[in-house]
Amino acid sequence: MSDLKSRIGWQEYQKLAPDAYAALTALSKAVGASGLEPNLIELIKLRASQINSCAFCTQFHLNAARRLEIPAAKLDLLVVWREAGIFSDREQAALAWTEKLTLIAGNHISDKDYAAVAAYFTAAELAALTTAIGLINSWNRIAGPLSFPPPIPKPAKELAHA
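Not measured: the values here are computed from a predicted model. (Residues numbered from 1 in each chain as written. Predicted model: local features only at pLDDT ≥ 70, side-chain atom pairs only at ≥ 80, totals over all residues. Heavy atoms only, no water.)

1. Brief notes about the side chain of K45
Within the fold, K45 resides in helix α3 (residues 38–51). In this structure, K45 is buried with no salt-bridge partner, the nearest side chain bearing the opposite charge being E42 at 4.6 Å. Once residues within four sequence positions are removed from consideration, K45 is found in contact with S28, H61 and I136. (Helix = DSSP H or I, 4+ residues; strand = E, 2+ residues; numbered from the N terminus. Buried < 20%, exposed > 50% of the residue type's maximum accessible area, 1.4 Å probe, protein only. Lys, Arg positive; Asp, Glu negative; His and termini not counted. Salt bridge = Lys/Arg side-chain N within 4 Å of Asp/Glu carboxyl O. Contact = heavy atoms within 4.5 Å.)

2. Some points on the pattern of salt bridges
Counting across every chain of the model gives 6 salt bridges. One salt bridge connects E37 with R90, and the closest N-O pair in it is separated by 2.8 Å. Linking E37 in the loop between α2 (18–32) and α3 with R90 in helix α7 (residues 89–102), this pair joins segments that are 53 residues apart in sequence. Looking at E37, the relative accessible area reads 33%, which means it is partly exposed. R90 sits in the buried class, given a relative accessible area of 18%. Across the pair R82 and E99 runs a salt bridge, and its minimum N-O distance is 2.7 Å. Here E99 lies in helix α7 and R82 lies in helix α6 (residues 81–84), a separation of 17 residues in the sequence. Look at E99 and you get buried, because its relative accessible area is 10%. The structure contains a network of salt bridges with shared partners spanning E37, R90 and E125.

3. Here's the deal with the packing of α2 against helix α9 (residues 123–143)
Two numbers describe how α2 lies on α9: the axes approach to 10 Å, and their chain directions differ by 150°. By the angle between their directions, the pair α2 and α9 is classed as roughly antiparallel. For the pair α2 and α9, the sense of crossing is left-handed. Two secondary-structure elements touch here, α2 through Y21, L24, L27, S28 and V31 and α9 through A128, T131, A132, L135, S138, W139 and I142. Of the residues contributing to the contact of α2 with α9, the split by class is 9 nonpolar, 3 polar and no charged. (Axes fitted to C-alpha atoms, helices over the stretch in contact; angles between N-to-C directions. Parallel < 35°, antiparallel > 145°, perpendicular 65-115°, else oblique. Left-handed = near helix turned anticlockwise from the far one by under 90°. Nonpolar A, V, L, I, M, F, W, Y, C, P; charged D, E, K, R; others polar.)

4. What to know about the state of the cysteines
In the structure shown here, the tally under the stated rule is 0 disulfides. With no disulfide partner, C54 has as its closest neighbouring cysteine sulfur the one in C57, 3.4 Å distant. In this structure C57 comes out as buried when scored by relative accessible area, which is 3%. (Disulfide = S-S within 2.5 Å.)

5. Observations regarding the nonpolar core
Counting 26 residues, the largest nonpolar core has L36, I44, L75, W97, V117, F121 and L129 as the members making the most contacts within it. When residues of this core are traced back to their parent elements, those giving at least two are α3, α4 (55–67), α7 and α9. When neighbours within four sequence positions are excluded, L75 is seen to be in contact with L43, L46, L62, A65, R66 and I70. Formed by 13 residues, the second largest nonpolar core is a distinct cluster that contains A17, A48, L135 and F148. (Core = buried A, V, L, I, M, F, W, Y, C linked by side-chain atoms within 4.5 Å.)

6. Remarks on the packing of α3 against α7
α7 packs onto α3 with a crossing angle of 35° between their chain directions and a minimal axis gap of 10 Å. Here the hand of the crossing between α3 and α7 comes out right-handed. The segment α3 lies against α7, with L40, L43, I44, R47, A48 and I51 engaging R90, E91, A94, L95, T98, E99 and T102. Residues of the contact of α3 with α7, tallied by class, amount to 7 nonpolar, 2 polar and 4 charged.

Next comes the structure, spelled out in structure tokens:
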């Protein structure tokens, strides 16, 4: 286990950068109100966080996905979603778009890439999806470098005694 310590914690960040935190929170609410399926939003946030190696965001969105009762198999196999055979065509399109936008440096987003995702999303949904991907990448670039400690849930056994 790593001995990496938090540089600035999540709650401390909220206090140190309240306007930035409020703006990111407002953007998150806008994405949530966009009509995109909550399960889909969590899957793309989790996938981008995995790619960006953001422990805080990965755990945060695993916790959120479990609360939404996303099947464990989808969470377990998200990192290999192309090979898993359990994601819908719409989910696969969103995950491919997530990977393209998350790994945008040095990569060109082609008309073919856009057409592939646009086949499954309306223009408004695609705008919201792209915003959600941009948002989680922003959070990954804040939480990762500041080493926010991951929000590890307590095991059910411990919660019963709390």
